[in-house]
2 protein chains.
Amino acid sequence: MSGLHFWFSIGSTYSYLTVMRIEKVARDAGVDVEWRPFSVRKIMQEMNNIPFTEKPTKMAYMWRDIERRAAGYGVPCQVPVPYPLAQFDLANRVAVLGREEGWCAAYVQATYRRWFQWGQAAGSSPNLEDSLQEIGLDPVEVIARAESEETGRAYGAATDKARQLDIFGAPTFIANGEMFWGDDRLEDALAWAKAPG
Amino acid sequence: MSGLHFWFSIGSTYSYLTVMRIEKVARDAGVDVEWRPFSVRKIMQEMNNIPFTEKPTKMAYMWRDIERRAAGYGVPCQVPVPYPLAQFDLANRVAVLGREEGWCAAYVQATYRRWFQWGQAAGSSPNLEDSLQEIGLDPVEVIARAESEETGRAYGAATDKARQLDIFGAPTFIANGEMFWGDDRLEDALAWAKAPG
(Lines give C-alpha, C1' and ligand atoms only; values in the text may rest on other atoms or scores of the structure.)
Protein backbone atom coordinates (compact mmCIF):
# COMPACT_ATOMS: atom_id res chain seq x y z
CA MET A 1 0.00 0.00 0.00
CA SER A 2 1.24 3.50 -0.80
CA GLY A 3 2.00 5.80 2.08
CA LEU A 4 1.59 9.45 2.97
CA HIS A 5 3.03 11.30 5.94
CA PHE A 6 0.71 13.94 7.32
CA TRP A 7 2.76 16.55 9.22
CA PHE A 8 0.64 18.84 11.36
CA SER A 9 0.41 20.87 14.53
CA ILE A 10 -2.73 21.24 16.58
CA GLY A 11 -3.09 25.01 16.39
CA SER A 12 -2.91 25.24 12.60
CA THR A 13 -6.31 26.44 11.43
CA TYR A 14 -6.37 24.97 7.92
CA SER A 15 -5.35 21.60 9.38
CA TYR A 16 -8.91 21.32 10.70
CA LEU A 17 -10.09 20.61 7.16
CA THR A 18 -7.45 17.92 6.72
CA VAL A 19 -8.00 16.31 10.11
CA MET A 20 -11.70 15.91 9.35
CA ARG A 21 -11.31 14.36 5.91
CA ILE A 22 -7.89 12.74 5.46
CA GLU A 23 -8.81 9.28 6.73
CA LYS A 24 -11.70 8.96 4.31
CA VAL A 25 -10.04 10.40 1.20
CA ALA A 26 -6.86 8.39 1.83
CA ARG A 27 -8.84 5.19 2.31
CA ASP A 28 -10.77 5.87 -0.91
CA ALA A 29 -7.43 6.41 -2.68
CA GLY A 30 -5.90 3.27 -1.16
CA VAL A 31 -3.16 5.24 0.60
CA ASP A 32 -1.92 4.67 4.17
CA VAL A 33 -1.63 7.77 6.35
CA GLU A 34 0.92 8.29 9.10
CA TRP A 35 0.08 11.17 11.45
CA ARG A 36 3.22 13.19 12.32
CA PRO A 37 2.76 15.88 14.99
CA PHE A 38 5.49 18.54 15.34
CA SER A 39 5.81 22.19 16.36
CA VAL A 40 5.08 24.35 13.34
CA ARG A 41 5.12 27.31 15.72
CA LYS A 42 8.78 26.75 16.55
CA ILE A 43 9.74 26.48 12.89
CA MET A 44 7.76 29.56 11.93
CA GLN A 45 9.36 31.56 14.73
CA GLU A 46 12.78 30.47 13.50
CA MET A 47 11.79 31.71 10.03
CA ASN A 48 10.72 35.05 11.52
CA ASN A 49 7.22 34.45 10.25
CA ILE A 50 4.71 37.15 11.13
CA PRO A 51 1.61 35.45 12.49
CA PHE A 52 -1.82 35.93 10.97
CA THR A 53 -2.95 37.68 14.16
CA GLU A 54 -1.00 40.80 13.17
CA LYS A 55 -2.66 40.90 9.74
CA PRO A 56 -6.38 41.49 10.33
CA THR A 57 -7.53 41.53 6.70
CA LYS A 58 -5.64 38.33 5.92
CA MET A 59 -7.00 36.71 9.08
CA ALA A 60 -10.59 37.69 8.24
CA TYR A 61 -10.11 36.11 4.82
CA MET A 62 -8.67 32.96 6.39
CA TRP A 63 -11.76 32.36 8.54
CA ARG A 64 -14.07 32.95 5.59
CA ASP A 65 -12.03 30.68 3.34
CA ILE A 66 -12.00 27.87 5.92
CA GLU A 67 -15.75 28.29 6.41
CA ARG A 68 -16.41 28.07 2.66
CA ARG A 69 -14.18 25.07 2.16
CA ALA A 70 -15.61 23.26 5.16
CA ALA A 71 -19.07 23.79 3.66
CA GLY A 72 -17.80 22.38 0.37
CA TYR A 73 -16.56 19.26 2.19
CA GLY A 74 -19.75 18.97 4.23
CA VAL A 75 -17.78 19.48 7.45
CA PRO A 76 -19.42 21.47 10.30
CA CYS A 77 -17.46 24.61 11.16
CA GLN A 78 -18.14 27.56 13.47
CA VAL A 79 -15.49 30.20 12.93
CA PRO A 80 -13.74 32.23 14.21
CA VAL A 81 -12.43 29.99 16.98
CA PRO A 82 -9.99 30.86 19.80
CA TYR A 83 -6.67 31.62 18.07
CA PRO A 84 -3.78 31.35 18.60
CA LEU A 85 -3.90 28.51 21.11
CA ALA A 86 -2.70 29.35 24.62
CA GLN A 87 -1.69 25.70 25.21
CA PHE A 88 -0.23 24.95 21.79
CA ASP A 89 2.69 22.88 23.09
CA LEU A 90 0.64 20.79 25.52
CA ALA A 91 -1.90 19.99 22.79
CA ASN A 92 0.90 18.74 20.54
CA ARG A 93 2.85 16.91 23.25
CA VAL A 94 -0.30 14.85 23.82
CA ALA A 95 -0.42 14.12 20.08
CA VAL A 96 3.24 13.04 20.13
CA LEU A 97 2.45 10.64 22.98
CA GLY A 98 -0.57 9.42 21.06
CA ARG A 99 1.61 8.64 18.08
CA GLU A 100 3.80 6.41 20.27
CA GLU A 101 0.74 4.63 21.61
CA GLY A 102 -1.55 4.42 18.58
CA TRP A 103 -4.30 6.90 19.48
CA CYS A 104 -2.98 10.04 17.76
CA ALA A 105 -5.59 10.36 15.00
CA ALA A 106 -8.52 9.70 17.35
CA TYR A 107 -7.30 12.34 19.83
CA VAL A 108 -6.55 14.96 17.16
CA GLN A 109 -9.96 14.49 15.54
CA ALA A 110 -11.71 14.74 18.91
CA THR A 111 -9.87 17.87 20.00
CA TYR A 112 -10.23 19.66 16.63
CA ARG A 113 -13.95 18.91 16.62
CA ARG A 114 -14.35 20.56 20.01
CA TRP A 115 -12.22 23.50 18.85
CA PHE A 116 -13.89 24.17 15.49
CA GLN A 117 -17.42 23.04 16.23
CA TRP A 118 -17.86 24.07 19.88
CA GLY A 119 -15.33 26.90 20.17
CA GLN A 120 -13.29 25.24 22.95
CA ALA A 121 -9.54 25.88 22.59
CA ALA A 122 -7.50 22.72 21.97
CA GLY A 123 -4.92 22.00 24.66
CA SER A 124 -6.98 23.71 27.38
CA SER A 125 -9.81 22.67 29.71
CA PRO A 126 -12.35 21.34 29.08
CA ASN A 127 -11.37 20.39 25.52
CA LEU A 128 -8.21 18.46 26.39
CA GLU A 129 -9.67 16.39 29.23
CA ASP A 130 -12.94 15.70 27.42
CA SER A 131 -11.18 14.68 24.22
CA LEU A 132 -9.00 12.18 26.08
CA GLN A 133 -11.97 10.79 27.96
CA GLU A 134 -13.93 10.47 24.73
CA ILE A 135 -11.30 8.12 23.34
CA GLY A 136 -11.15 6.07 26.55
CA LEU A 137 -8.05 7.54 28.22
CA ASP A 138 -7.42 8.92 31.71
CA PRO A 139 -6.74 12.67 31.27
CA VAL A 140 -4.73 13.10 34.48
CA GLU A 141 -2.45 10.22 33.68
CA VAL A 142 -2.00 11.12 29.99
CA ILE A 143 -1.34 14.83 30.65
CA ALA A 144 1.32 13.93 33.25
CA ARG A 145 3.10 11.76 30.69
CA ALA A 146 2.70 14.41 27.97
CA GLU A 147 4.47 16.88 30.27
CA SER A 148 7.35 14.48 30.96
CA GLU A 149 10.88 15.11 29.75
CA GLU A 150 10.66 12.01 27.60
CA THR A 151 7.70 13.35 25.63
CA GLY A 152 9.43 16.73 25.42
CA ARG A 153 12.41 15.05 23.79
CA ALA A 154 10.20 13.18 21.32
CA TYR A 155 8.38 16.44 20.47
CA GLY A 156 11.71 18.19 19.88
CA ALA A 157 12.97 15.31 17.75
CA ALA A 158 9.80 15.39 15.64
CA THR A 159 10.27 19.12 15.04
CA ASP A 160 13.94 18.57 14.18
CA LYS A 161 12.88 15.95 11.64
CA ALA A 162 10.32 18.33 10.11
CA ARG A 163 12.95 21.08 9.81
CA GLN A 164 15.35 18.62 8.21
CA LEU A 165 12.66 17.84 5.60
CA ASP A 166 12.37 21.61 4.87
CA ILE A 167 8.83 21.70 6.23
CA PHE A 168 7.81 25.32 6.88
CA GLY A 169 4.05 25.13 7.45
CA ALA A 170 1.13 22.89 8.30
CA PRO A 171 -0.50 20.80 7.09
CA THR A 172 2.31 19.34 5.01
CA PHE A 173 2.18 16.02 3.17
CA ILE A 174 5.18 13.96 2.15
CA ALA A 175 4.57 11.35 -0.55
CA ASN A 176 7.43 9.45 -2.15
CA GLY A 177 9.84 12.17 -0.98
CA GLU A 178 7.75 14.96 -2.53
CA MET A 179 6.40 17.74 -0.33
CA PHE A 180 2.93 19.28 -0.58
CA TRP A 181 1.81 22.16 1.63
CA GLY A 182 -1.78 23.00 2.49
CA ASP A 183 -5.08 21.18 2.79
CA ASP A 184 -5.81 22.16 -0.81
CA ARG A 185 -2.86 20.01 -1.95
CA LEU A 186 -4.09 16.81 -0.25
CA GLU A 187 -5.53 15.33 -3.44
CA ASP A 188 -2.30 16.08 -5.33
CA ALA A 189 -0.29 14.43 -2.55
CA LEU A 190 -2.48 11.31 -2.60
CA ALA A 191 -2.08 11.06 -6.36
CA TRP A 192 1.70 11.39 -5.94
CA ALA A 193 1.70 8.67 -3.27
CA LYS A 194 0.16 6.29 -5.80
CA ALA A 195 2.11 7.38 -8.88
CA PRO A 196 4.93 9.93 -8.51
CA GLY A 197 5.14 12.63 -11.18
CA MET B 1 -23.31 36.86 -18.21
CA SER B 2 -21.75 36.47 -14.78
CA GLY B 3 -18.62 38.43 -14.02
CA LEU B 4 -15.34 37.90 -12.22
CA HIS B 5 -12.71 40.49 -11.39
CA PHE B 6 -9.17 39.15 -11.62
CA TRP B 7 -6.87 41.31 -9.47
CA PHE B 8 -3.20 40.72 -10.16
CA SER B 9 0.26 42.20 -10.33
CA ILE B 10 2.86 41.25 -12.88
CA GLY B 11 5.55 40.04 -10.51
CA SER B 12 3.36 37.61 -8.60
CA THR B 13 4.67 34.14 -9.38
CA TYR B 14 1.52 32.08 -8.86
CA SER B 15 -0.35 34.52 -11.11
CA TYR B 16 1.47 32.92 -14.05
CA LEU B 17 -0.77 29.89 -13.70
CA THR B 18 -3.88 32.06 -13.69
CA VAL B 19 -2.78 34.27 -16.57
CA MET B 20 -2.24 31.21 -18.74
CA ARG B 21 -5.58 29.55 -18.05
CA ILE B 22 -8.19 32.04 -16.86
CA GLU B 23 -9.55 33.01 -20.27
CA LYS B 24 -10.26 29.41 -21.19
CA VAL B 25 -11.72 28.20 -17.89
CA ALA B 26 -13.85 31.34 -17.56
CA ARG B 27 -15.16 30.94 -21.12
CA ASP B 28 -15.97 27.28 -20.42
CA ALA B 29 -17.82 28.38 -17.29
CA GLY B 30 -19.66 31.17 -19.11
CA VAL B 31 -18.13 33.86 -16.89
CA ASP B 32 -16.78 37.25 -18.06
CA VAL B 33 -13.35 38.22 -16.75
CA GLU B 34 -12.20 41.75 -16.03
CA TRP B 35 -8.42 42.08 -15.64
CA ARG B 36 -7.54 44.44 -12.77
CA PRO B 37 -3.83 45.29 -12.41
CA PHE B 38 -2.67 46.88 -9.12
CA SER B 39 0.43 46.99 -6.95
CA VAL B 40 0.38 44.00 -4.64
CA ARG B 41 3.92 44.95 -3.68
CA LYS B 42 2.78 48.26 -2.17
CA ILE B 43 0.02 46.55 -0.20
CA MET B 44 2.32 43.81 1.05
CA GLN B 45 4.90 46.39 2.12
CA GLU B 46 2.19 48.25 4.03
CA MET B 47 1.29 44.96 5.75
CA ASN B 48 4.96 44.44 6.67
CA ASN B 49 4.96 41.24 4.68
CA ILE B 50 8.30 39.44 4.57
CA PRO B 51 8.99 38.51 0.96
CA PHE B 52 9.60 34.93 -0.14
CA THR B 53 13.17 35.85 -1.03
CA GLU B 54 14.13 35.90 2.66
CA LYS B 55 12.69 32.44 3.19
CA PRO B 56 14.76 30.05 1.08
CA THR B 57 12.98 26.79 1.98
CA LYS B 58 9.58 28.34 1.32
CA MET B 59 10.81 29.81 -1.94
CA ALA B 60 12.24 26.49 -3.12
CA TYR B 61 8.88 24.91 -2.39
CA MET B 62 7.07 27.66 -4.29
CA TRP B 63 9.03 27.02 -7.50
CA ARG B 64 8.46 23.30 -7.23
CA ASP B 65 4.76 23.76 -6.53
CA ILE B 66 4.31 26.11 -9.50
CA GLU B 67 6.21 23.66 -11.72
CA ARG B 68 4.00 20.74 -10.63
CA ARG B 69 0.78 22.67 -11.04
CA ALA B 70 1.81 24.03 -14.43
CA ALA B 71 2.48 20.45 -15.53
CA GLY B 72 -0.98 19.48 -14.28
CA TYR B 73 -2.52 22.27 -16.39
CA GLY B 74 -0.37 21.39 -19.40
CA VAL B 75 1.27 24.82 -19.25
CA PRO B 76 5.00 25.11 -20.16
CA CYS B 77 7.08 26.39 -17.25
CA GLN B 78 10.83 26.79 -16.71
CA VAL B 79 11.46 27.75 -13.09
CA PRO B 80 13.08 29.41 -11.24
CA VAL B 81 12.72 32.68 -13.14
CA PRO B 82 14.21 36.09 -12.28
CA TYR B 83 12.55 37.15 -9.02
CA PRO B 84 11.66 39.64 -7.65
CA LEU B 85 11.21 41.85 -10.71
CA ALA B 86 13.54 44.86 -10.94
CA GLN B 87 10.95 46.77 -13.00
CA PHE B 88 7.83 45.70 -11.14
CA ASP B 89 6.11 49.09 -11.30
CA LEU B 90 6.79 49.71 -14.99
CA ALA B 91 5.46 46.26 -15.88
CA ASN B 92 2.23 47.03 -14.04
CA ARG B 93 1.90 50.63 -15.25
CA VAL B 94 1.86 49.21 -18.79
CA ALA B 95 -0.90 46.80 -17.73
CA VAL B 96 -2.91 49.70 -16.25
CA LEU B 97 -2.60 51.55 -19.54
CA GLY B 98 -3.59 48.39 -21.37
CA ARG B 99 -6.73 48.13 -19.27
CA GLU B 100 -7.74 51.64 -20.38
CA GLU B 101 -7.14 50.73 -23.99
CA GLY B 102 -8.33 47.14 -24.23
CA TRP B 103 -5.06 45.21 -24.63
CA CYS B 104 -4.33 44.33 -20.99
CA ALA B 105 -4.87 40.56 -21.17
CA ALA B 106 -2.89 40.19 -24.41
CA TYR B 107 0.07 42.11 -22.97
CA VAL B 108 0.06 40.30 -19.64
CA GLN B 109 -0.08 36.89 -21.33
CA ALA B 110 2.76 37.84 -23.68
CA THR B 111 5.01 39.18 -20.94
CA TYR B 112 4.35 36.28 -18.52
CA ARG B 113 5.11 33.80 -21.28
CA ARG B 114 8.49 35.42 -21.89
CA TRP B 115 9.14 35.51 -18.13
CA PHE B 116 8.15 31.93 -17.26
CA GLN B 117 9.05 30.16 -20.48
CA TRP B 118 12.14 32.04 -21.63
CA GLY B 119 13.47 33.43 -18.33
CA GLN B 120 13.24 37.09 -19.39
CA ALA B 121 12.20 39.38 -16.55
CA ALA B 122 8.85 41.11 -17.12
CA GLY B 123 9.07 44.91 -17.19
CA SER B 124 12.68 44.86 -18.49
CA SER B 125 14.34 44.63 -21.90
CA PRO B 126 13.87 42.70 -24.08
CA ASN B 127 10.69 41.23 -22.57
CA LEU B 128 8.75 44.49 -22.31
CA GLU B 129 9.50 45.80 -25.80
CA ASP B 130 9.05 42.42 -27.47
CA SER B 131 5.74 41.74 -25.70
CA LEU B 132 4.35 45.10 -26.84
CA GLN B 133 5.53 44.54 -30.38
CA GLU B 134 4.01 41.07 -30.39
CA ILE B 135 0.57 42.54 -29.75
CA GLY B 136 1.03 45.23 -32.40
CA LEU B 137 2.02 48.23 -30.26
CA ASP B 138 4.90 50.70 -30.46
CA PRO B 139 7.08 50.06 -27.37
CA VAL B 140 8.64 53.54 -27.24
CA GLU B 141 5.30 55.28 -27.41
CA VAL B 142 3.56 52.93 -24.96
CA ILE B 143 6.37 53.03 -22.39
CA ALA B 144 6.38 56.85 -22.47
CA ARG B 145 2.66 56.91 -21.72
CA ALA B 146 3.03 54.22 -19.05
CA GLU B 147 5.58 56.45 -17.31
CA SER B 148 3.30 59.51 -17.44
CA GLU B 149 1.78 61.09 -14.35
CA GLU B 150 -1.67 60.20 -15.62
CA THR B 151 -0.88 56.47 -15.69
CA GLY B 152 0.80 56.81 -12.30
CA ARG B 153 -2.43 58.22 -10.88
CA ALA B 154 -4.50 55.41 -12.41
CA TYR B 155 -2.06 52.83 -11.00
CA GLY B 156 -2.32 54.44 -7.54
CA ALA B 157 -6.12 54.55 -7.78
CA ALA B 158 -6.24 50.85 -8.74
CA THR B 159 -4.11 49.98 -5.71
CA ASP B 160 -6.29 52.15 -3.47
CA LYS B 161 -9.34 50.28 -4.75
CA ALA B 162 -7.69 46.91 -4.06
CA ARG B 163 -6.82 48.00 -0.51
CA GLN B 164 -10.39 49.16 0.00
CA LEU B 165 -11.60 45.69 -1.04
CA ASP B 166 -9.26 44.16 1.61
CA ILE B 167 -7.12 42.52 -1.06
CA PHE B 168 -3.79 41.44 0.44
CA GLY B 169 -2.27 39.18 -2.20
CA ALA B 170 -2.34 38.15 -5.85
CA PRO B 171 -4.00 36.63 -7.70
CA THR B 172 -7.29 37.58 -6.07
CA PHE B 173 -10.72 36.98 -7.57
CA ILE B 174 -13.87 38.90 -6.66
CA ALA B 175 -17.16 37.27 -7.61
CA ASN B 176 -20.49 38.68 -6.45
CA GLY B 177 -18.68 40.55 -3.68
CA GLU B 178 -16.92 37.41 -2.42
CA MET B 179 -13.10 37.30 -2.34
CA PHE B 180 -10.95 34.30 -3.30
CA TRP B 181 -7.16 34.36 -3.04
CA GLY B 182 -4.79 32.19 -5.04
CA ASP B 183 -4.77 30.43 -8.39
CA ASP B 184 -6.00 27.30 -6.62
CA ARG B 185 -9.25 29.12 -5.78
CA LEU B 186 -10.08 30.08 -9.38
CA GLU B 187 -12.58 27.26 -9.87
CA ASP B 188 -14.32 28.15 -6.58
CA ALA B 189 -14.49 31.79 -7.66
CA LEU B 190 -15.99 30.88 -11.05
CA ALA B 191 -18.61 28.73 -9.33
CA TRP B 192 -19.41 31.63 -6.99
CA ALA B 193 -19.73 33.99 -9.96
CA LYS B 194 -22.42 31.74 -11.40
CA ALA B 195 -24.20 30.86 -8.15
CA PRO B 196 -23.16 32.56 -4.89
CA GLY B 197 -22.95 30.34 -1.81
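The structure this text deals with has already been given above.
Reading guide: rules and limits
Residues numbered from 1 in each chain as written. Chains lettered and ligands numbered in written order. Predicted model: local features only at pLDDT ≥ 70, side-chain atom pairs only at ≥ 80, totals over all residues. Heavy atoms only, no water. Pairing = 2+ DSSP bridges. Helix = DSSP H or I, 4+ residues; strand = E, 2+ residues; numbered from the N terminus. Axes fitted to C-alpha atoms, helices over the stretch in contact; angles between N-to-C directions. Contact = heavy atoms within 4.5 Å. Phe/Tyr/Trp six-rings, centres within 6.5 Å; stacked < 30°, edge-to-face > 60°. Buried < 20%, exposed > 50% of the residue type's maximum accessible area, 1.4 Å probe, protein only. 1 Å grid on protein atoms, 1.4 Å probe; cavity = no way out; pocket = protein on both sides within 12 Å on 5 of 7 lines; lining within 4 Å. Points joined across faces, edges and corners; volume = space filled by probe spheres on them. Nonpolar A, V, L, I, M, F, W, Y, C, P; charged D, E, K, R; others polar. Least-squares fit on C-alpha atoms with pLDDT ≥ 70 in both. Salt bridge = Lys/Arg side-chain N within 4 Å of Asp/Glu carboxyl O. Polar contact = N/O pair within 3.5 Å; in protein donor to acceptor, adjacent residues only side chain to side chain. Parallel < 35°, antiparallel > 145°, perpendicular 65-115°, else oblique. Left-handed = near helix turned anticlockwise from the far one by under 90°.

Enquirer: With reference to specific residues and values, describe the sheet that holds strand β2 (residues 31-37) of chain B.
Expert: All names here are of chain B. The strand order across the open sheet built from four strands is β2-β1-β3-β4, with neighbouring strands paired in mixed fashion. One side of each edge strand has no neighbouring strand; the edge strands of this open sheet are β2 and β4 (178-181). Sheet twist, expressed as the average angle between the axes of neighbouring strands with direction ignored, equals 25 degrees. Where strand β3 (residues 172-175) meets β4, four bridges bridge the pair, whose relative direction is antiparallel. Within β4, the residue paired with Ala175 across the bridge is Glu178. Here helix α9 (residues 186-194) sits on the sheet in contact with β1 (2-8), β2, β3 and β4, set at roughly 145 degrees to β1.

Enquirer: Which residues make up the packing of aromatic side chains, and what values go with them?
Expert: In this description, an aromatic ring pair is defined by two values, namely the gap between the centres and the angle between the planes. Residue and element names in this part refer to chain A. In the structure shown here, the tally under the stated rule is 34 aromatic pairs over all chains. Each ring, one from Phe8 and one from Trp35, has its centre 5.7 Å from the other, and the planes form 80 degrees; the classification is edge-to-face. Taken as a pair, Phe8 in strand β1 (residues 2-8) and Trp35 in strand β2 (residues 31-37) lie far apart in primary sequence, 27 residues in all. Residue Phe8 is classed as buried on the basis of its relative accessible area of 0%. Taking the relative accessible area as the measure of exposure, Trp35 reaches 6% and is therefore buried. Summarising the aromatic geometry, the rings of Phe168 and Trp181 are spaced 4.9 Å apart at their centres and angled 65 degrees between planes, so their arrangement reads as edge-to-face.

Enquirer: Hey, could you go over empty space enclosed by the protein for me, with residue numbers and the actual values?
Expert: This model, assessed by the stated rule, comprises one cavity of 30 Å³ or more. In terms of lining residues, the largest cavity is bounded by Met44(A), Met47(A), Asn49(A), Phe168(A), Gly169(A), Trp181(A) and Lys58(B). The residue makeup of the lining of the largest cavity, split by class, is four nonpolar, two polar and one charged.

Enquirer: I'd love a proper account of the relation of the copies chain A and chain B, names of residues and values included.
Expert: When chain A is fitted to chain B, the best match, at an RMSD of 0.0 Å, comes from turning it 180 degrees and sliding it 0.0 Å along the axis. Taken together, these values place the two copies in the relation of a two-fold axis. When the interface residues of chain A are mapped onto chain B, 100% of them again fall at the interface, so both copies present the same face.

Enquirer: Which residues make up the interface of chain A and chain B, and what are the values?
Expert: Opposite the 23 residues of chain A that make contact, chain B presents 23 residues. Counting the contacts that link chain A with chain B gives ten salt bridges. Put simply, Arg64(B) and Glu178(A) hold a salt bridge, and the shortest N to O gap is 2.6 Å. Joining chain A to chain B, the criterion identifies 14 residue pairs in polar contact (both at pLDDT 80 or more). Among the residues forming the side of chain A that touches chain B, the class breakdown is nine nonpolar, three polar and eleven charged.

Enquirer: Tell me about the packing of helix α1 (residues 15-29) of chain A against helix α9 (residues 186-194) of chain A, and please be specific about residues and values.
Expert: Residue and element names in this part refer to chain A. Where α1 meets α9, the axes come as close as 11 Å, and the angle between the chain directions of the two elements is 30 degrees. By the angle class used here, α1 and α9 are roughly parallel. The element α1 and its partner α9 pack so that their crossing is right-handed. Residues Thr18, Arg21, Ile22, Val25, Ala26 and Ala29 of α1 form the contact with α9, whose own contacting residues are Leu186, Glu187, Leu190 and Lys194. Considered class by class, the residues forming the contact of α1 with α9 number six nonpolar, one polar and three charged.

Enquirer: I'd love a proper account of the pairing of strand β3 (residues 172-175) of chain A, names of residues and values included.
Expert: All names here are of chain A. Burial of the side chains of β3 extends over both faces: Thr172 and Ile174 are buried on one face and Phe173 and Ala175 on the other. Sheet analysis places β1 next to β3, joined by three bridges and oriented antiparallel. In the strand pairing of β3, His5 is matched with Ile174. Counting the residues that bridge the hairpin from β3 to strand β4 (residues 178-181) gives two residues, and of these Asn176 lies at a positive phi of roughly 50 degrees.

Remember, this is a structural readout, not a statement about activity or role.
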